Amino acid sequence: MPASMPVTCPACKALVEADVEQIIDVRRQPHLKQALLAGQLNRIQCRACGASNALLTPLLYHDADNDLLLAYVPPELNLQGMQRDQVVGDLLKELTGRIPKEDFRGYMFQPGQVLTMQGLIEQVLEGDGVTKDVLETQRQRVDLLGRMAQADPKRLRSLVRKHDAEIDAMFFQAALAMMQQAVQEGQEPLVKALAAIQEAAAKHSTFGRELTAQAEEQERIVKDVAERLRALGEKPTRRDILALVLELAADDPRLQALVGLVRPVLDYAFFQELSMHLGRAPVAERPQLEALRERLGELTREADAQAQAALQRAAAALQAIVASPDTDRAIRENRSLIDENFMAVLAANIREAESRVDVQASSKLKGIHQKIVTLMRQQMRPELRFVNELLEAPDDRAALAMLEKGARDYGDALLPALTAVGNLLRQQGQNELARRLDVLHKAAGNTGDGRVN
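Here the residue numbers are simple positions, counted from 1 along each chain's written sequence. Predicted model: local features are reported for residues with pLDDT of at least 70 only, side-chain atom pairs are reported and counted for 80 or more only, and whole-chain, interface and lining totals are derived from all residues. By convention in this description, side-chain values take in all heavy atoms of the structure and omit both hydrogens and water.

A.B. asks: Give me the lowdown on the overall build of the protein, citing residues and values where you can.
C.D. replies: Think of it this way: any DSSP run of H or I at least four residues long counts as a helix, any run of E at least two long counts as a strand, and we number them from the N terminus. Scanning the protein from N- to C-terminus turns up 19 helices and 8 strands. With the C-alpha coordinates of the protein rotated into their principal frame, the extents come out at 75 × 60 × 60 Å. When contacts within the protein are restricted to residue pairs at least 6 apart in sequence, those whose partners lie at least 24 apart make up 61%. Calculation of accessible area relied on Shrake-Rupley with a 1.4 Å probe; when residues are assessed, cover is drawn exclusively from the protein chains displayed. As displayed, the protein offers around 25,900 Å² of accessible surface, 53% of which is attributable to carbon and sulfur atoms. Positive and negative side-chain charges in the protein, numbering 57 and 64 respectively, have mean positions lying 3 Å apart. When checking whether two residues touch, look at their non-hydrogen atoms; a contact exists if any pair is within 4.5 Å. Residues scored as positive are Lys and Arg, those scored as negative are Asp and Glu, and His as well as the terminal groups of each chain are ignored. Where a charge lies is defined by one atom per residue type: Lys uses NZ, Arg uses CZ, Asp uses CG and Glu uses CD.

The following block contains the structure:
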């Protein structure tokens, strides 16, 4: 748990209360590791002047999965000899007090010492198998992004072409990480600059064009598979899904897309149905069907592992938000992790608190839900915000009544928004809401004069 303490803002010298984390126990609080790597650990925003600063504090980093225990005492604190040992010893005592005796290992008695924050981050990444060469490449990509962000926007295209060989997956990952941090710190000019860099890199670099083409092809595949599913009707049977699986057996990208769209249907009963089909098939066809069954098993396990990892990340983010005394700030810091998985975990926690009649917990969780919904609506494009309002209408008639004004207000942007949200709802299995948007999409056929057909 973070310790609350008064600290002095380096910019304006105001005294502010801050929550300070000094022990990073990765297995119990994985979100703290992500905050460390993202440069967000113990970063506060002064309420007096708005400046964002990273606090200087001793840290003890523990990753039981990698047998890694590291101590970092910032040299700026001027702690020497026994003082330094005392601080590290107190943190170690607090950490080991949380660990059951049967989980003790030899490395826990003597933490490794690191001299700089960068050295701590490098050792953490090396523990995850990230080599120094990779770290150097990451540093070079960050430097390149910094130079591009400061350059004249008119020179972006030529800069992208000049550094074409350096624009790779790591470049885009670094750009995304920098943008998330800039958003959290309210650096709007930097956010706009990074967005322009990403757009230019996607259009004018070799890797960016390949990435865009791959994304467009994947989108076409998912759309095609979704259309095939829609053709089966609102309530397809397992046999209908099996027939589609057999149809797509030789097309692995579409088979992967299908598993992603209908994973809940691919249960034990489905695989029984597939095995029965295999048993009835001619002998010559059985090897291909057995290979299909094995491939489906691999794809469903991969989908389950990805879903489980996403839920764990969502649960860790929710834990961080609930534990923070500044809910608004915690939501902003975890904005990149707030997705449909996060909202599902939040809803499950609200239901669980209500079932325990824990009024305090359910009230806090509902407050977090409302803050997130408000934030998401504020950040939505206007036409998407309107589509969300259509979905909240009590019935189709009420939604249709709202539609004519929306068609006038949002014009050509409305139909693509209806299509995009409808496809997303179908992917999530929310077929009734998707059906409503299909009705509204048909009604919103633009006549050219702003009226609804």
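A.B. asks: Got a sec to walk through the packing of helix H16 (residues 382-391) against helix H19 (residues 431-443)? Specific residues and values, please.
C.D. replies: Think of each axis as a best-fit line through the C-alpha atoms, taken over the contacting stretch in the case of a helix, with angles from 0 to 180 degrees between the N-to-C directions. Direction vectors running N to C along H16 and H19 enclose 115°, while the axes themselves pass 10 Å from each other. Viewed along their axes, H16 and H19 adopt a mutual orientation that is roughly perpendicular. The element H16 and its partner H19 pack so that their crossing is right-handed. Residue-level contacts link Val387, Leu390 and Leu391 of H16 to Leu433, Arg436, Leu437 and Leu440 of H19. Side-chain classes are defined by residue name, with Ala, Val, Leu, Ile, Met, Phe, Trp, Tyr, Cys and Pro counting as nonpolar, Asp, Glu, Lys and Arg as charged, and the others, Gly among them, as polar. Considered class by class, the residues forming the contact of H16 with H19 number 6 nonpolar, no polar and 1 charged. Just so you know how the angles are binned, under 35 degrees is roughly parallel, over 145 roughly antiparallel, 65 to 115 roughly perpendicular, and the rest oblique. Two helices cross in a left-handed way if the nearer one is turned anticlockwise from the farther one by less than a right angle. They cross in a right-handed way if the turn is clockwise.

A.B. asks: I'd like a description of the nonpolar core, backed by residues and values.
C.D. replies: Among the nonpolar cores identified, the biggest contains 25 residues, and Val225, Leu229, Val245, Leu258 and Leu296 are the most heavily contacted of them. Among the secondary structure elements, those contributing two or more residues to this core are helix H8 (206-231), helix H9 (238-247), helix H10 (252-262), helix H11 (268-280) and helix H12 (286-323). Top element by residues in this core is H10. It accounts for 6 residues. Once residues lying within four places of it in the same chain are set aside, the contact partners of Leu258 are Val225, Leu229, Leu244, Val245 and Leu248. To define a nonpolar core, start from buried Ala, Val, Leu, Ile, Met, Phe, Trp, Tyr and Cys residues and group those joined through side-chain atoms within 4.5 Å. Three exposure classes are used, based on accessible area relative to the maximum for each residue type with a 1.4 Å probe and protein chains only: buried under 20%, partly exposed in between, and exposed over 50%. Counting 19 residues, the second largest nonpolar core, distinct from the first, contains Val160, Ile167, Phe171 and Ile197.

A.B. asks: Before we move on, can you summarise the environment of Val87 with the specific residues and values?
C.D. replies: Mapped onto the elements, Val87 comes out in helix H2 (residues 81-96). The spatial distance from the C-alpha of Val87 to the C-alpha of Gln180 is 33 Å, given a sequence separation of 93 residues.

A.B. asks: A description of the packing of aromatic side chains should follow, citing residues and the corresponding values.
C.D. replies: Think of it this way: a Phe, Tyr or Trp ring, Trp meaning its six-membered ring, pairs with another when their centres are within 6.5 Å, and the plane angle makes it stacked under 30 degrees, edge-to-face over 60, tilted otherwise. This structure, assessed with the given rule, holds 4 aromatic pairs. For the pair Phe172 and Phe207, a centre-to-centre distance of 6.0 Å together with 35° between the ring planes defines the contact as tilted. Of this pair, Phe172 sits in helix H6 (residues 169-184) while Phe207 is found in helix H8, placing the two residues 35 residues apart along the sequence. The class for Phe172 is buried, based on a relative accessible area of 15%. Using a relative accessible area of 25% as the deciding quantity, one classes Phe207 as partly exposed. Consider the rings of Phe270 and Phe271, whose centres lie 5.7 Å apart with planes at 90°: the pair is edge-to-face. Each member of the aromatic cluster is reached from another via a ring pair, and the members are Phe171, Phe172 and Phe207.

A.B. asks: So, the confidence of the model for the protein: which residues are in play, and what are the values?
C.D. replies: On average, residues of the protein score 84 in pLDDT, and 94% of them are at 70 or above. In the predicted structure, residues 446-453 sits below a pLDDT of 50 and forms 16 contacts with residues beyond four places in sequence or in another chain. pLDDT runs from 0 to 100 and stands for how confident the predictor is about each residue.

A.B. asks: Give me the pattern of salt bridges: which residues, what numbers.
C.D. replies: One speaks of a salt bridge when a side-chain nitrogen belonging to Lys or Arg is within 4 Å of a carboxyl oxygen belonging to Asp or Glu. Counted by the stated rule, this structure contains 23 salt bridges. For Arg230, the salt bridge identified is with Glu227, shortest N-O distance 2.9 Å. Residue Arg230 and its partner Glu227 are located together in helix H8, separated by 3 residues, close to a single helical turn. Given a relative accessible area of 31%, Arg230 falls into the partly exposed group. One salt bridge in this structure joins Arg263 and Asp304, with 2.8 Å as the shortest N-O distance. Placement of Arg263 in the loop between H10 and H11 and of Asp304 in helix H12 is noted, with a sequence separation of 41 residues between them. Three or more residues are tied together by salt bridges with common partners; here these are Asp224, Arg228, Glu247, Asp251 and Arg254.

A.B. asks: So what's going on with the pairing of strand E6 (residues 59-63)? Residues and values would help.
C.D. replies: Of all 5 residues that make up E6, 5 are buried, and the element is covered over most of its length. Between any two strands, at least two bridges found by DSSP are needed for them to pair. Looking at chain direction, strand E3 (residues 23-25) and E6 are connected through 3 bridges and run parallel. Looking across to E6, one finds that Ile23 is bridged to Leu60. With 5 bridges connecting them, E6 and strand E7 (residues 68-72) associate as antiparallel partners. By the bridge assignment for E7, Leu59 is matched with Tyr72. The loop that links E6 with its antiparallel partner E7 comprises 4 residues; one of these, Asp67, has a positive phi angle of about 50°.

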